[in-house]
Amino acid sequence: MTTVRVDPAAHLSGELTTPADKSLSHRAAILGAMASGPVRVRGYLDAADTNSTLAAVQQLGARIERDGDALVIRGVGLRGAAASEEPIDVGNAGTLMRLLPGWLAAQDGRSFTLDGDASIRRRPVDRIAEPLRRMGAGVEATDGRLPPFTVSGARLWAVTYEMPVASAQVKSCVLLAALGADGETTVSEPAPSRDHTERMLAAAGVDVRREGRHITVRGVEELALDELVVPGDPSSAAFPLAAALIVPGSRVVLRGVGVNWTRSGFVRIVQRMGGDVRGKLEEPGDEIATSEPIADLEVVAGALQGTVVEPAEVPLAIDELPLVALLGCFAEGETVVRGAQELRLKESDRIASVVDGLGGLGASIEATDDGFVVTGTGGLRGGTIKTHGDHRLAMLGAVAGLASREGVEVDGMEAAEVSYPRFETDLQSLFTSR
Ligand code: S3P
């Protein structure tokens, strides 16, 4: 395990190009493998999670070639995934674990076992098993709900599925399975979640429609995708963005950030707290776009006010909620996050790990069943934070260190490799010592 000490910064200044989007990279590799013709992917993320996805689709028969900065994925078609004796290793990647079975479910007569690291083995798959079984596939999980688990492909039928939780992973899994099913599948989400899968399917010529909270997709024979472009990851950008807000005197420009409305909840929360973040965010709409909007964001440090994050905002900022807790420490008054019980099912129990982690650095923060309450004290002392192998905790600790009075030791910094391998170098490039 690597322990990294992050010293307080005088201020942060300069600009960064945000690393490629992890969510979109997983989807690009999976859809590329499902396509019959070659798909060129520009800007694929080179990180541990998304490399697990490339290895998984190769195991299923897809071929991957590098062409300059791009990847060319030669897929095996919607029903052509090769059976595999060896389990598919998803590593630490929850998105891979929950999306891939949507495709595998349509491989009539073939079975696939998926497994991953210790963190993956505590993350539930019953949420995807239920709709896939309804569509006709078999899913056998450890203790009925955990990896390792086996998906037995079948001829699928279309369903109408009401999702109990707003999860883009579950929604995407059902949409991918629906491509291989006869007829029209409708999946209904309790609140909007990220819509990358819908956009990529629309770009691939699939008949996919949204009406309010209902998304309908019709089964197809083939996907017609030529090229996919992966923008910068707003969830990765959120870390230097938060650092620039709370290290006094900072001004940072983040280039090429994805500003899809379903991913920019954090920026809207920050702006409501009084944070100075400038850039053109996408507006919401019912039409499914076929591409992803990109913008540069300029961030200037300044005073923040506490805020309340309500349940409907949670899926739109789910991976950035640890940063809302950190900003809350520096804000005036109370910051409350409600309706975020899903955080307990991430790479770590992110309610417990954030509350213990920031609490150990001097924050006044309390856990609730479905979120946390932070009382701003205008700063953070510093100390040691454990990442529990969770990349977002590692980056949270480093950002806290920059803005702290005494610095922070991040115990398990290597976890950042999963989504943002350049993270330490990028922060260093903005850093002026205090
Ligand atoms: C993701 C969806 C979210 C998010 C995860 C990536 C995706 O999970 O936390 O990091 O790519 O669809 P849930 O859909 O389970 O909330």
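Quick note: structure is the one above.
What comes next concerns the included structure. (Residues numbered from 1 in each chain as written. Predicted model: local features only at pLDDT ≥ 70, side-chain atom pairs only at ≥ 80, totals over all residues. Heavy atoms only, no water.)

### Let's talk about the overall build of the protein
Scanning the protein from terminus to terminus reveals 12 helices and 26 strands. Overall, the protein is about 60 × 45 × 40 Å in size when its C-alpha atoms are taken along their principal axes. For the protein, the exposed surface amounts to about 15,600 Å²; the carbon and sulfur share of it is 47%. Within the protein, the 60 negative side-chain charges are centred at a point lying 1 Å from the centre of the 43 positive side-chain charges. (Helix = DSSP H or I, 4+ residues; strand = E, 2+ residues; numbered from the N terminus. Areas by Shrake-Rupley, 256 points an atom, 1.4 Å probe, with all protein chains shown as cover. Lys, Arg positive; Asp, Glu negative; His and termini not counted. Charge placed at Lys NZ, Arg CZ, Asp CG, Glu CD.)

### A few points about the packing of aromatic side chains
Per the counting criterion, the structure on display carries 2 aromatic pairs. Consider the rings of Phe239 and Phe423, whose centres lie 6.3 Å apart with planes at 85°: the pair is edge-to-face. With Phe239 in helix α7 (residues 234-246) and Phe423 in helix α12 (residues 423-430), the pair connects residues that are 184 residues apart, well separated along the chain. What makes Phe239 buried here is its relative accessible area of 0%. Overall, the relative accessible area of 2% leaves Phe423 in the buried class. Pairing Tyr420 with Phe423 gives two aromatic rings, centres 5.2 Å apart and planes at 70°, and the pair type is edge-to-face. Each member of the pair Tyr420 and Phe423 is classed as buried. By the ring-pair criterion, three or more aromatic residues cluster together here, those being Phe239, Tyr420 and Phe423. (Phe/Tyr/Trp six-rings, centres within 6.5 Å; stacked < 30°, edge-to-face > 60°. Buried < 20%, exposed > 50% of the residue type's maximum accessible area, 1.4 Å probe, protein only.)

### A few points about the pairing of strand β9 (residues 146-152)
Direction of pairing for strand β7 (residues 111-115) relative to β9: antiparallel, over a ladder of 4 bridges. Residue pairing in the sheet places Thr113 in a bridge with Thr150 of β9. Sheet topology places strand β8 (residues 138-142) next to β9; 5 bridges connect them, and they run antiparallel. In the sheet register, Ala141 faces β9, and the bridge partner there is Phe149. (Pairing = 2+ DSSP bridges.)

### Some remarks on the environment of Val253
Examined against the element boundaries, Val253 turns out to sit in strand β17 (residues 251-258). Separated by 165 residues in sequence, Val253 and Val418 have C-alpha atoms that sit 24 Å apart. Ignoring sequence-local partners within four residues, the contact set of Val253 consists of Gly14, Glu15, Leu16, Leu297 and Glu298. (Contact = heavy atoms within 4.5 Å.)

### Focus on the sheet that holds strand β20 (residues 308-309)
Read from one edge of the open sheet, 4 strands run β20-β21-β23-β22, paired in mixed fashion. Every interior strand has two partners, whereas the edge strands, β20 and β22 (364-368), have only one. The pairing of strand β21 (residues 334-337) with strand β23 (residues 371-375) spans 4 bridges and is antiparallel. Looking across to β23, one finds that Val337 is bridged to Phe372. Each of β20, β21, β22 and β23 is contacted by helix α9 (residues 321-330), which is oriented at about 20° to β23, the strand it contacts most. (Axes fitted to C-alpha atoms, helices over the stretch in contact; angles between N-to-C directions.)

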